[in-house]
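Fold and geometry: a report
Now for the letters of each chain:
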Protein chains: 2
Amino acid sequence: MKTLNVDLGERSYPIHIGSGLLKRPELFKPHVQGTQVMIVTNTTVAPLYLERCRALFEGFEVADVVLPDGEQYKNLQTLNLIFDALIERRFDRKCTLVALGGGVIGDITGFAAATYQRGVNFIQVPTTLLAQVDSSVGGKTGVNHPKGKNMIGAFHQPQSVIIDTDTLDTLEDRQLSAGLAEVIKYGLIRDREFFEYLEEHLPDLLARDKDQLAYAIERSCWNKAEVVAADEFEAGQRALLNLGHTFGHAIEAGMGYGKWLHGEAIAAGMMQAGYLSKLMGHLRDEDLARMARVFETAHLPIYPPDEMSPTDFLALMAGDKKVQAGKIRLVLLKAIGQAYVTGEYPPELLEETLKAWRRR
Amino acid sequence: MKTLNVDLGERSYPIHIGSGLLKRPELFKPHVQGTQVMIVTNTTVAPLYLERCRALFEGFEVADVVLPDGEQYKNLQTLNLIFDALIERRFDRKCTLVALGGGVIGDITGFAAATYQRGVNFIQVPTTLLAQVDSSVGGKTGVNHPKGKNMIGAFHQPQSVIIDTDTLDTLEDRQLSAGLAEVIKYGLIRDREFFEYLEEHLPDLLARDKDQLAYAIERSCWNKAEVVAADEFEAGQRALLNLGHTFGHAIEAGMGYGKWLHGEAIAAGMMQAGYLSKLMGHLRDEDLARMARVFETAHLPIYPPDEMSPTDFLALMAGDKKVQAGKIRLVLLKAIGQAYVTGEYPPELLEETLKAWRRR
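Source: prediction; values computed, not measured.

What follows covers the domain arrangement of chain A. Residue and element names in this part refer to chain A. Per the domain assignment, the segments of chain A are domain 1 (2-170) and domain 2 (173-356). Taking only C-alpha atoms, the centre of domain 1 and the centre of domain 2 are 25 Å apart. Taken together, the contact between domain 1 and domain 2 spans 30 residues of the former and 32 residues of the latter. Elements that contribute at least two residues to the side of domain 1 that touches domain 2 include exactly strand E1 (2-6), strand E2 (13-18), helix H5 (129-135) and strand E8 (148-155). Considering only residue class, the side of domain 1 that touches domain 2 consists of 13 nonpolar, 11 polar and 6 charged.

The next point concerns the interface of chain B and chain A. On the chain A side, the residues contacting the 32 residues of chain B number 31 residues. Broken down by secondary-structure element, the contributors of at least two residues to the side of chain B that touches chain A are helix H3 (76-88), helix H4 (103-115), strand E7 (140-145), strand E8 (148-155) and strand E10 (323-324) of chain B.

What follows is about helix H10 (residues 262-279) of chain B. All names here are of chain B. Between its terminal C-alpha atoms H10 stretches 25 Å, which fits the 26 Å expected from 18 residues at 1.5 Å a residue. Where burial is concerned, most of H10 is hidden: 17 out of the 18 residues are buried. With its phi angle positive at about 90°, Gly-281 sits one or two positions after the end of H10.

Residue and element names in this part refer to chain B. What the 7 strands build is an open sheet, ordered E1-E2-E9-E6-E5-E3-E4; its pairing is mixed. Edge strands, defined here as strands with exactly one partner in the open sheet, are strand E1 (2-6) and strand E4 (61-67). Adjacent strand axes in the sheet meet at a mean angle of 20°, parallel and antiparallel pairs treated alike. With 5 bridges joining them, E1 and strand E2 (residues 13-18) adopt antiparallel strand pairing. Within the sheet, the bridge partner assigned to Lys-2 lies in E2 and is Ile-17. The strands touched by H3 are strand E3 (36-42) and E4; relative to E4, the strand with the most contacts, the crossing angle is about 155°.

Residues and elements named next belong to chain B. At a closest axis distance of 10 Å, the pairing of helix H7 (residues 192-206) and helix H8 (residues 210-230) adopts a crossing angle of 145°. Regarding H7 and H8, the two cross each other, and that crossing is left-handed. Taking contact as the criterion, the partners of Phe-194, His-201, Asp-204 and Leu-205 in H7 are, on H8, Gln-212, Leu-213, Ala-216 and Arg-219. For the contact of H7 with H8, a count of residues per class yields 4 nonpolar, 2 polar and 2 charged.

We now examine unusual backbone geometry. Positive phi, normally seen in glycine, also occurs at Asn150(A), with a value near 55°. Of note, Asn150(A) is situated in strand E8. For Arg208(B), which is not glycine, the phi torsion reads 60° and is therefore positive. In this fold, Arg208(B) is placed in the loop between H7 and H8.

All names here are of chain A. One open sheet accounts for 7 strands, arranged E1-E2-E9-E6-E5-E3-E4; its pairing is mixed. Two strands close off the open sheet at either side, each with one partner strand: E1 and strand E4 (61-67). Between one strand axis and the next, the sheet turns by 20° as a mean value, whatever way the strands run. Helix-sheet contacts for helix H4 (residues 103-115) involve strand E3 (36-42), strand E5 (96-101) and strand E6 (121-126), and the interaxial angle to E5 is about 170°. Lying on the sheet, helix H8 (residues 210-230) is in contact with E1, E2 and strand E9 (160-164); it crosses E1 at an angle near 15°.

Another aspect to go through is the pairing of E8(B). All names here are of chain B. The buried fraction of E8 is high, at 7 of 8 residues. Here E7 pairs with E8 via 5 bridges, running antiparallel. Counterpart to Lys-140 in the pairing with E8 is Phe-155. Linking two consecutive strands that pair antiparallel, namely E7 and E8, is a turn of 2 residues.

This paragraph deals with the relation of the copies chain B and chain A. Turning chain B through 180° and shifting it by 0.0 Å along the axis lays it on chain A, with an RMSD of 0.0 Å. Given the turn and translation reported, the copies of this chain are related as if by a two-fold rotation axis. In terms of C-alpha distance to the rotation axis, chain B has Leu76(B) as its closest residue, with the C-alpha 3.9 Å off the axis. In this assembly, 97% of the residues forming the interface of chain B have copies in chain A that are likewise at the interface, indicating an isologous arrangement.

Analysis parameters
- Residues numbered from 1 in each chain as written.
- Chains lettered and ligands numbered in written order.
- Predicted model: local features only at pLDDT ≥ 70, side-chain atom pairs only at ≥ 80, totals over all residues.
- Domains from an automatic or database assignment.
- Contact = placed C-beta atoms within 7 Å.
- Helix = DSSP H or I, 4+ residues; strand = E, 2+ residues; numbered from the N terminus.
- Nonpolar A, V, L, I, M, F, W, Y, C, P; charged D, E, K, R; others polar.
- Expected span 1.5 Å × (residues − 1).
- Buried ≥ 20, exposed ≤ 12 C-beta atoms within 10 Å, placed from the backbone.
- Pairing = 2+ DSSP bridges.
- Axes fitted to C-alpha atoms, helices over the stretch in contact; angles between N-to-C directions.
- Left-handed = near helix turned anticlockwise from the far one by under 90°.
- Least-squares fit on C-alpha atoms with pLDDT ≥ 70 in both.

The structure is reproduced here in structure tokens:
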């Protein structure tokens, strides 16, 4: 087992990464403040891991709530199901929530923890690669609004993140690929050496080589923890983690939540950001080709959906959270391994990107 | 104009109290971070003060959303109307919300500010006595769940609280009395001298004497600000502010939100807490009589609703936020002017209170 620390002063917490962690109650119990534990999971994960997770909390009052699976359920209505369960069981403000599942479960459970009785503890137990390398770390929680992703939410840090790499055994291939999109992102924004590692080792990761997966998760979490520790509330460099996300959120909303997986949408979005970076004179054609090759190796889309026109994109992107004073702020690349945030780019280059970077 | 400061380090903010403040843009504009202002108000307050409030923000992009009036609308559905308005107008994360109204508007707008795009600025402009002396100060925000009051919420401090005492001119008598319940509360929990002032001056307040009202608001806000500064997140003494609230919340939920005003419910609740304090041997009969006299002078109920049985109370109180590990924690009085929090009281004395302190 490897342990990283997310260094946030009073709100610091450990990330444990390893095989078989869902069988180690001693990792979980110290993070339960009171006597009541509510496990939040979904219809896909429950049959696989719910009983094992319940068994971790022997001696506590354990309840669970099983939500429908999919990004389209990450909304206020589903959130309310968690509140219903908590209130029905009379869970008090010392209760602890456990998010057992992927990014949607982590985000919605974290937001329930942020707002139930004005804030209770929670533990992240991510079971998808995407959640393990990205969304479970850093305290961003929330739900979607029909017109914008993660529009409603809060910063609320977990008490710990416990990543049992064995849960990846049951992850379907499409979800594994979607998670790799966020892994590749760390290479692109701040860790060129890791990008080069991925160019070499993506086939091992796709073949689910345990050691390589554990390494990729650990290095991703290390990158994430560094960025979050430096800028918890996204006043500055944390925004770099949104490479491809403004494009990607538009794809998710435009296609209807759940149609394209988040990882798929941001893969195409990172290519769009890369193309714009090329138009800005930062990336060379060969850099863009390397990016495309990595995403394609990971079985990820490199082009946005044919159904969406440049106009669709502009309309949806204008509503994104990264917009300030009417300007769409974007994360672009100076080079592979070096991202920056800017609202200063010729708008016609964004339009050209939306028109030109499409499947022929 | 008087100005108090709520001393919370980086989150400190001023409370301005005085006549005519809704005509002074210079008090409001410095608290707007970006260019967009969303005024949230209700159908009762909008015809009276919305235009005047809009005029304060000349030069900004000003929008408004008018919610239905009443505690029964303080829920997730109404909250979503604010999100709809913000997203429709493409308000970004530098926007500022303005809560123009009573406690419900302040709580729900504050919670919208806490959670829109993971947190934006807001200004409290309370127009009821209750909101001016209590709910607008201290950063508690939230909405009700059908089974429990303020069950969903967050701590989120405003940028400022601006109290224009002229707005009390249009407040109906019943609402004025409800606000006095919270004013009296400060006397009971920590300011015996203020309680004695109220014994003498309640008739002036009911007659809407401007100077006395301004003084009562200022002294209430001073008490609130002191308590909040010492214990922002209610780890300890802030809980004293909940005198009568566990009983009162049960009344509000049991009767259906909006039937009894919050101030009315907590007045009866404070008498119940007082009666239990007497059974505990802290208060004398004459203390209880003084309390009853003050509430009756303020035209507030001193007994709980006939419709609710002791069993109803116990069931609803068991779901309150103050419950920890199954114990109903209560705020009781050692004396007039001195409250304390405890879960250590003979349960049969609580039952006796619920049975005995009722209208004959």
